[in-house]
Amino acid sequence: MDKRRNVDVICQHSSDGYIMPLKIRFVDEDGQWQTYVIKEYKDISHQGTRTLPDGMFITDNTIAFECKIRVFDNIKRIRLYYFSQGMKWIMTG
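Let us look at the structure shown here.

Below, the discussion takes up the overall build of the chain. Counting its regular elements, the chain contains zero helices and eight strands. Each helix (α) and strand (β) of the chain, taken in turn from the N terminus, gives the series β-β-β-β-β-β-β-β. Relative to a compact globule of 93 residues, whose C-alpha radius of gyration would be 12 Å, the chain shows 13 Å and is just as compact. The 93 residues of the chain split such that 37% are buried.

For the rest of this paragraph, the subject is the pairing of strand β8 (residues 88-92). Here β8 lies mainly inside the structure; four of its five residues are buried. One ladder, built from five bridges, connects strand β7 (residues 74-83) with β8; its direction is antiparallel. Bridge pairing in β8 links Tyr 82 to Trp 89. Counting the residues that bridge the hairpin from β7 to β8 gives four residues, and of these Met 87 lies at a positive phi of roughly 50 degrees.

Turning our eyes to something else, we now look at the nonpolar core. Counting 17 residues, the largest nonpolar core has Ile 24, Leu 80 and Trp 89 as its most contacted members. Counting only elements with at least two residues in this core, the list comes to β1 (4-13), β2 (19-27), β3 (33-43), β6 (62-71), β7 and β8. The dominant element in this core, judged by the number of residues it contributes, is β6, at five residues. Here Leu 80 is in contact with Val 7, Val 9, Pro 21, Ile 24, Ile 38, Ile 63, Ala 64, Phe 65, Cys 67, Trp 89, Ile 90 and Met 91, once residues within four sequence places are set aside. Ranked by size, the runner-up nonpolar core spans seven residues in total, among them Leu 52, Ile 58, Ala 64 and Tyr 81.

Rules behind the numbers
Residues numbered from 1 in each chain as written. Predicted model: local features only at pLDDT ≥ 70, side-chain atom pairs only at ≥ 80, totals over all residues. Heavy atoms only, no water. Helix = DSSP H or I, 4+ residues; strand = E, 2+ residues; numbered from the N terminus. Rg over C-alpha atoms; globule rule 2.2 N^0.38 Å. Buried < 20%, exposed > 50% of the residue type's maximum accessible area, 1.4 Å probe, protein only. Pairing = 2+ DSSP bridges. Core = buried A, V, L, I, M, F, W, Y, C linked by side-chain atoms within 4.5 Å. Contact = heavy atoms within 4.5 Å.

As structure tokens, then:
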């Protein structure tokens, strides 16, 4: 199972309610804040209740994205999940 962590997400909301993630921020293992710009994203929400390959169980109420960020000149794939009941973003990858 991939590592899960709570993250801050800066996102844009369109007039039709669509959410676009722009940046993520979290505290690393050394206690330092790290911020990454999301280079690409794909909305994988609203495809029914299921468990994804990273072990996250999601429902139609979960907002989920597959994203790419740049870490030290390498592209890294992550997943972002927004759980509206807890009002929390979780990152895996």
